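Structural characterization, general
What follows is the residue order along each chain.
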Amino acid sequence: MSAGTGNGAAGLNIALSKGRILEESLPLLARAGVVPVENPLQSRKLVIDTNLPGVQITIIRAADVPTYVQFGAADLGIAGRDVLMEYEGDGLYELLDLRIARCRLMVAEPAGLAARDDPKAWTRVRVATKYVNITRRHFAAKGIQTDLIKLYGSMELAPLVGLSERIVDLVDTGNTLKANGLVEVERIADISAWLVANKASMKMKHVPLKALVDRLARAVGSNA
Ligand code: AMP
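Residues numbered from 1 in each chain as written. Predicted model: local features only at pLDDT ≥ 70, side-chain atom pairs only at ≥ 80, totals over all residues. Heavy atoms only, no water.

1. Concerning helix α1 (residues 20-31)
When the terminal C-alpha atoms of α1 are compared, their 17 Å separation across 12 residues agrees well with the 16 Å that a helix rising 1.5 Å per residue should span. Taken together, the buried positions of α1 are Ile21, Leu22, Ser25, Leu26, Leu28 and Leu29. Buried residues along α1 sit against β1 (12-17), β3 (55-60), β4 (76-80), β11 (193-198) and α9 (206-222). Remark: Gly33 follows α1 within two positions and exhibits a positive phi of approximately 90°. (Helix = DSSP H or I, 4+ residues; strand = E, 2+ residues; numbered from the N terminus. Expected span 1.5 Å × (residues − 1). Buried < 20%, exposed > 50% of the residue type's maximum accessible area, 1.4 Å probe, protein only. Contact = heavy atoms within 4.5 Å.)

2. Some words on a nonpolar patch on the surface
Nonpolar side chains collect at one region of the surface, where Leu157, Leu160, Val161 and Leu163 lie side by side and expose about 350 Å² of accessible area between them. Within the secondary structure layout, Val161 lies in the loop between α6 (157-160) and β9 (166-171). (Patch = residues over 30% accessible without salt bridge, like charges linked within 9 Å, V, L, I, M, F, W, Y side chains within 5 Å. Areas by Shrake-Rupley, 256 points an atom, 1.4 Å probe, with all protein chains shown as cover. Salt bridge = Lys/Arg side-chain N within 4 Å of Asp/Glu carboxyl O.)

3. Describing the sheet that holds β9
Strand order in the open sheet formed by 5 strands is β8-β7-β9-β6-β10, and the pairing between neighbours is mixed. Of all the strands in the sheet, just β8 (145-150) and β10 (182-191) have a single pairing partner and so form its edges. Ignoring strand direction, the axes of neighbouring strands in this sheet form an average angle of 30°. Sitting on the sheet, helix α5 (residues 132-140) touches β6 (103-110), β7 (124-129), β8, β9 and β10, and the angle it makes with β8 is about 170°. (Pairing = 2+ DSSP bridges. Axes fitted to C-alpha atoms, helices over the stretch in contact; angles between N-to-C directions.)

4. Structural notes on the site of the ligand
Around the ligand sit Arg20, Ala101, Cys103, Glu156, Asp169, Leu170, Val171, Asp172, Thr173, Gly174, Asn175 and Thr176, and those are all the residues in its vicinity. The separation between an oxygen atom of the ligand and a polar side-chain atom of Thr173 is 2.6 Å. Backbone polar atom of Gly174 to an oxygen atom of the ligand: 2.7 Å apart, as the coordinates give it. More than half of the atoms belonging to the ligand lie within 2 Å of the grid points that define the largest pocket. Taken together, the elements giving at least two residues each to the shell around the ligand come down to β9 and α7 (175-179). Of all the elements, β9 adds the most residues to the shell around the ligand, at 3 residues. When its residues are assigned to classes, the shell around the ligand shows 4 nonpolar, 4 polar and 4 charged. (Near = heavy atom within 4 Å. Polar contact = N/O pair within 3.5 Å; in protein donor to acceptor, adjacent residues only side chain to side chain. 1 Å grid on protein atoms, 1.4 Å probe; cavity = no way out; pocket = protein on both sides within 12 Å on 5 of 7 lines; lining within 4 Å. Sits in = over half its atoms within 2 Å of the grid points. Nonpolar A, V, L, I, M, F, W, Y, C, P; charged D, E, K, R; others polar.)

5. Thoughts on unusual backbone geometry
In the Ramachandran plot, Arg99 falls in the positive-phi region, its phi being about 55° despite a non-glycine side chain. The phi dihedral of Ala101 falls on the positive side, at around 50°, and the residue is not glycine. Tracing the backbone shows Ala101 in the loop between β5 (92-97) and β6. Judged by relative accessible area, Ala101 falls into the buried class, the value being 9%.

6. Section: the packing of aromatic side chains
The description of an aromatic ring pair uses the distance of the two centres, along with the angle that the planes make with each other. Counted by the stated rule, this structure contains 1 aromatic pair. With centroids separated by 6.0 Å and ring planes inclined at 55°, the aromatic side chains of Trp122 and Phe139 adopt a geometry described as tilted. Of this pair, Trp122 sits in the loop between α4 (111-114) and β7 while Phe139 sits in helix α5; the two residues are 17 residues apart in sequence, bridging distant segments of the chain. For the pair formed by Trp122 and Phe139, the shared burial category is buried. Geometry around Trp194 places Arg81 over its ring, the cationic atom sitting 5.4 Å from the centre. A cation over a ring is seen here: Lys199 above Tyr93, with NZ or CZ 5.3 Å from the ring centre. (Phe/Tyr/Trp six-rings, centres within 6.5 Å; stacked < 30°, edge-to-face > 60°. Lys NZ or Arg CZ within 6 Å of the ring centre and 35° of its normal.)

Structure representation (structure tokens):
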């Protein structure tokens, strides 16, 4: 399913989400020559023009970025690898690792439990997470059954209140886990933000889209 009409025939629309992705995407976009006319970190506008004629950015929820791009409501999007792995659609191209918003997706549990636990002996685990698809797949590949508790945030709280001993969540510095008495026990994936594209836009807007993607690729390279 695709539409590819993100921003009219000639324009390009880039979907971004608030938070770390937006904060780290803006300098990267600026190095690629794309500067919003209003600061999206402060503006309440959801669609913002840029210095490039016809190029707009749209600010949406992180988990919605793949949907907007798949259905052509945006031509391009910037989404965390975690969001892309969790999304089960298939109508978009993963074009470029932007190497920003880096972190890791981990299984974590209370330090006291980890001291006597052996992940190799797990046959069935109860896990609280917002990444239910990734978690199910990760454990199924190892022959481990999962009882999943879907949460929308603050996963670190689950072991403290007895929802589940184990969680799957993003970890960067490890400070949040530590502050809640949790430790990392298994790495599921290394995460960074990726540039994704609508399949129809790749064909119908190939020239302007490719030019923008090349500029972003050079901006990523110059930051290596
Ligand atoms: P930290 O305390 O630095 O390990 O960060 C962990 C908290 O920040 C968790 O609540 C994560 O969900 C969130 N987090 C860490 N890295 C990212 C990222 N790249 N994108 C979005 N959320 C993140």
